[in-house]
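Residues per chain are reported as follows:
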Amino acid sequence: MAEARYQIRGCTASIAAGSALTEWMTGKSRAELAELTPAAMEELVGGLEAASKHAAVLCVDGVRKLLGVK
């Protein structure tokens, strides 16, 4: 099993989302990772304010880049 880690400098929402993402990713298959959506990411952190929804999108973008998916 691979470990998931992240390094971030940003707002509280991005830090929380990155942490939740690494916990969620552990043990997931590539197919499961590819299914991640901003809405699902937002649910993992218990919701985000409108001004912080970008944090969920950044997480999904990071996973897509990791998988080589556009």
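Structure's up top.
Residues numbered from 1 in each chain as written. Predicted model: local features only at pLDDT ≥ 70, side-chain atom pairs only at ≥ 80, totals over all residues. Heavy atoms only, no water.

**Some words on the overall build of the protein**
- In terms of helices and strands, the protein carries four helices and zero strands.
- In the protein, the succession of α and β elements from N to C terminus is α-α-α-α.
- Taking 11 Å as the expected radius of gyration for a compact globule of 70 residues, we find that the protein reaches 11 Å, a close match to that expectation.
- Based on the C-alpha atoms only, the size of the protein along its principal axes is roughly 30 × 20 × 20 Å.
- Taken over 70 residues, the protein has a buried fraction of 30%.
- Contacts in the protein between residues far apart in sequence, at least 24 positions, make up 48% of those at least 6 positions apart. (Helix = DSSP H or I, 4+ residues; strand = E, 2+ residues; numbered from the N terminus. Rg over C-alpha atoms; globule rule 2.2 N^0.38 Å. Buried < 20%, exposed > 50% of the residue type's maximum accessible area, 1.4 Å probe, protein only. Contact = heavy atoms within 4.5 Å.)

**Digging into helix H1 (residues 12-25)**
- Between its first and last C-alpha, H1 extends 20 Å over 14 residues, near the 20 Å set by a 1.5 Å rise per residue.
- Those residues of H1 hidden inside the fold are in contact with helix H2 (30-34), helix H3 (38-44) and helix H4 (54-67).
- Phi turns positive, to about 85 degrees, at Gly27, one or two residues after H1. (Expected span 1.5 Å × (residues − 1).)

**Notes on the nonpolar core**
- If you look at the biggest cluster of nonpolar residues, it comprises 16 residues, and the most contacted ones within it are Leu21, Trp24, Met25, Leu33, Leu36, Met41 and Val63.
- Of all elements in the fold, only H1 and H4 reach the threshold of two or more residues within this core.
- In this view, Leu36 contacts Leu21, Trp24, Met41, Val60, Val63 and Arg64; residues no more than four positions away in its chain are not counted. (Core = buried A, V, L, I, M, F, W, Y, C linked by side-chain atoms within 4.5 Å.)

**Quick notes on the packing of H1 against H4**
- Where H1 contacts H4, the two axes come as close as 9 Å, and the packing angle between them is 40 degrees. If you check the angle between H1 and H4, you find them oblique. In the packing of H1 onto H4, the handedness of the crossing is right-handed. Counted together, Ala13, Ser14, Ala17, Gly18, Leu21 and Met25 of H1 and His54, Ala55, Leu58, Cys59, Val63 and Leu66 of H4 form the full contact between these two elements.
- Residues of the contact of H1 with H4, tallied by class, amount to nine nonpolar, three polar and no charged. (Axes fitted to C-alpha atoms, helices over the stretch in contact; angles between N-to-C directions. Parallel < 35°, antiparallel > 145°, perpendicular 65-115°, else oblique. Left-handed = near helix turned anticlockwise from the far one by under 90°. Nonpolar A, V, L, I, M, F, W, Y, C, P; charged D, E, K, R; others polar.)

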